Amino acid sequence: MSDLLNIGRTGLNASKKSLETTGHNISNVNTEGYSRQRVNQTTNSPITKGGTVHGTGVRIKSVTRINDDFVNKRLEKAISNGEFFEQRMERMTQVEDIFNDLDSDGLNQVINKFFNSFRELANQPENETIRSVVRDQANLVVQDFRRIQDNLNSISSGIDENMKAEVTDINQTLEHIANLNKKIQSLEAIHEEVGDLRDQRDLAVRNLAKSFNVHTYQDNKGQFVVAARGVGTLVTATQVQRLQIGTSNKENSTNGLPGSADIFFEGKPAHLLTRKFQGGSLASLAKVRNEEIVAIKNKVDTIAYNLTKSVNAIHRRGYVNRNLDVNEQGSVSSIDSKGPTTGINFFKEPTGPGDAAINMSLSTAVQEDLTNIVTALGPNSPGDNRVSLAISKIQHERIVGDGEGQATLEEFYLQAVGKIGLEAGKAKLDAEQADGLTAQAVSIRERLVGVSIDEEAANMVKYQHAYQASAKIMQTADEMFKTVIGIKR
């Protein structure tokens, strides 16, 4: 009877553990990253009595989680790609918005109005009011160039701040994974269940996948390793290689801008990693900041530089619009009581294409005195409009680029803005496709390793019946024992 009682007890324990696991699965049906668990049971070792073999019940072999490494890696890759295109779409949309001429008063329109004002001045070269309009339009051109560069710099600064926050989160996640590795190692050493801890670790790895392409594996010592593709190992068992972010000067930064943020291993600032990340938000942010924004800034600088140089080259050839004293030789002095009479720059002369837009401004002479806006090619020539007319024609001259690539300022601007629009549109399409692939990967994972309420409900009934049956066996054994005791009395 004692054997039968023990067999019933083992069945009772196995059913109880199965019911506990089923309840654990049901309670975590909505827990992110949870994988359903299963109780693995096996028969106890049989014994031989009187030449026959007797079963001794059941025992719990293990409790394991349902897992599929291939599905997990597919999901991690989908997450990395999704975050890459999502970040790219957001940033490129911000860049595109800078050039959206919603009020028909963008840079292209402002430049056209500037040339039109010179055309008006050519028609009435002595009109003081039109001179004032020319200077006002020129100031609007300067302001719009600065607006664009300031906004592009602002997006770059925003990306820097995002990178700083992301590196902080990454380091916290790396520490979390190392702690989980330590707990898993210690519990597995005493054969405890670690399914929940492995789920937490997988979820942490998927969080890292949002920032970069993750590569995980177990080394030849059985240690769990987390690496960033293109960068290197970040976690080995309980050891963490933390990331750090700092600012670089213009010469050393990865985008040629002063004060931009760059990522490196903690304590190793000489080895920049910013460009090495693959996939995820970090690679996307670095690409937009270091490539797209730098490219459009250079194009805007090119427009500002060529506009300034072309206008100045013509403007310097003329004479100011005021009466100039003529000497005995019939020539005029290059300087009078108000300053230079010729060779006057309209804009402040740039030293080079770099930062030409942000440093653009009217020359002091033009800003302070309207008579320094030159219209005449010769001195003391009322009605001479050759300089102002020549400046107005710059609008339609191909002054940007070399050879077959030469373009007018307007053509060059529209090409640059058109490329930004194409890249922004492509980023939106890529982000939508990546969202679909991520949703598909999540769905596959849930179907294979997630919790099914229907399946768990069926298991619960099955294990409940098994528990009741085992209890009945113990009850029967007890009654048999009492019957035997009754016979002896």
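One numbering rule holds for all chains: residues counted from 1, following each sequence as written. Per-residue local features of the predicted model are confined to residues with pLDDT of at least 70, and side-chain atom pairs are confined, for both listing and counting, to 80 or more; whole-chain, interface and lining totals are unaffected and use all residues. Hydrogen atoms and water are omitted, and side-chain values are computed over all heavy atoms in the structure.

### Section: the side chain of threonine 22
Right, on to step 1. By the element assignment, threonine 22 lies in helix α1 (residues 2–27).
Right, on to step 2. Here the term buried applies to any residue with accessible area under 20% of the maximum for its type, exposed to any over 50%, and partly exposed to those in between, with areas from a 1.4 Å probe on protein chains only. Looking at threonine 22, the relative accessible area reads 2%, which means it is buried.
Right, on to step 3. Not counting the four nearest positions on each side in its chain, threonine 22 is found in contact with Glu456, Asn459, Met460 and Tyr463. Under the scheme used here, helices are H or I runs from DSSP no shorter than 4 residues and strands are E runs no shorter than 2 residues, and both carry numbers assigned from the N terminus. Here a residue-residue contact requires only that any non-hydrogen atoms of the pair lie within 4.5 Å.

### Section: helix α6 (residues 280–315)
Right, on to step 1. Here a helix's expected span is defined as the number of its residues, less one, multiplied by 1.5 Å. For α6, with 36 residues, the first-to-last C-alpha span of 51 Å sits near the 52 Å given by 1.5 Å per residue.
Right, on to step 2. Valine 288 marks where α6 bends most, by close to 30°.
Right, on to step 3. Extensive coverage of α6 is indicated by the burial of 27 of its 36 residues. What we call the bend at a residue is the angle made by axes fitted to the seven residues finishing there and the seven residues starting there.

### Details of a nonpolar patch on the surface
Right, on to step 1. Nonpolar side chains (Val, Leu, Ile, Met, Phe, Trp, Tyr) within 5 Å and like charges within 9 Å form the patches, drawn only from residues with over 30% relative accessible area and no salt bridge. The method behind every accessible area is Shrake-Rupley, applied with a 1.4 Å probe, and residues are considered shielded solely by the protein chains displayed. By salt bridge we mean one thing: a side-chain nitrogen of Lys or Arg within 4 Å of a carboxyl oxygen of Asp or Glu. A cluster of nonpolar side chains, contributed by Leu4, Ile473 and Met480, occupies part of the molecular surface with about 210 Å² of accessible area.
Right, on to step 2. By secondary structure assignment, the location of isoleucine 473 is in helix α10 (residues 453–488).

### Some remarks on the nonpolar core
Right, on to step 1. Judged by nonpolar contacts, the single largest core of 88 residues is most densely connected at Phe114, Phe145, Phe277 and Phe346.
Right, on to step 2. At 16 residues, the largest contribution of residues to this core is made by helix α4 (residues 128–189).
Right, on to step 3. Every residue in contact with phenylalanine 114, bar those within four places of it in the chain, is listed here: Val134, Gln137, Ala138, Val141, Leu307, Val311, Phe346 and Phe347. For our purposes a nonpolar core is just a set of buried Ala, Val, Leu, Ile, Met, Phe, Trp, Tyr and Cys residues, chained together by side-chain atoms within 4.5 Å.

### Section: unusual backbone geometry
Negative phi values dominate among residues other than glycine, just as trans dominates among peptide bonds.
Right, on to step 1. For aspartate 355, which is not a glycine, the phi torsion comes out positive at approximately 60°.
Right, on to step 2. Following the sequence through the fold, aspartate 355 ends up in the loop between β12 (339–340) and α7 (364–368).
Right, on to step 3. Taking the relative accessible area as the measure of exposure, aspartate 355 reaches 31% and is therefore partly exposed.
Right, on to step 4. The phi angle at asparagine 380 is positive, at roughly 50°, despite the residue not being glycine.
Right, on to step 5. Looking at where asparagine 380 falls in the secondary structure, it is placed in the loop between α7 and α8 (386–393).
Right, on to step 6. Judged by its relative accessible area of 31%, asparagine 380 is partly exposed.

### Looking at the pattern of salt bridges
Right, on to step 1. Tallying each qualifying case throughout the model produces 27 salt bridges.
Right, on to step 2. Taking the shortest distance from any N to any O, the salt bridge between arginine 198 and glutamate 188 comes out at 2.6 Å. Within this pair, whereas arginine 198 is found in helix α5 (residues 195–209), its partner glutamate 188 is found in helix α4, the two being separated by 10 residues in sequence.
Right, on to step 3. The class for arginine 198 is partly exposed, based on a relative accessible area of 21%.
Right, on to step 4. Close ionic contact of aspartate 262 with arginine 289 constitutes a salt bridge, the shortest N to O distance being 3.5 Å. Residue aspartate 262 is located in strand β10 (residues 260–265), and its partner arginine 289 is located in helix α6; the two are separated by 27 residues in the primary sequence. As far as the burial class goes, aspartate 262 and arginine 289 line up, both buried.
Right, on to step 5. Linked through salt bridges whose partners overlap, the residues forming this network are Lys16, Lys17, Glu20 and Glu193.

### With respect to α5
In an α-helix there are 3.6 residues to a turn, and that puts residues three or four apart on one side.
Right, on to step 1. Here α5 spans 21 Å end to end across 15 residues, near enough to the 21 Å set by a 1.5 Å rise per residue.
Right, on to step 2. Those residues of α5 that sit buried are Gly195, Leu197, Asp199, Arg201, Asp202, Ala204, Val205, Arg206, Leu208 and Ala209.

### Things to note about the sheet that holds strand β7 (residues 232–236)
Right, on to step 1. One open sheet accounts for 4 strands, arranged β5-β6-β7-β8; its pairing is antiparallel. The open sheet has two edge strands, β5 (214–218) and β8 (239–240), and neither has a second partner.
Right, on to step 2. What makes two strands pair is DSSP finding at least two bridges between them. Strand direction decides the pairing type here: strand β6 (residues 224–228) and β7, joined by 4 bridges, are antiparallel. Paired with valine 225 across the two strands is threonine 236, which belongs to β7.
Right, on to step 3. The strands touched by α4 within the sheet are β6, β7 and β8, with β7 carrying the most contacts at an inclination of about 45°. Under this scheme, a helix contributes an axis fitted over its contacting stretch, all axes are lines through C-alpha atoms, and angles between N-to-C directions fall in the 0 to 180 degree range.

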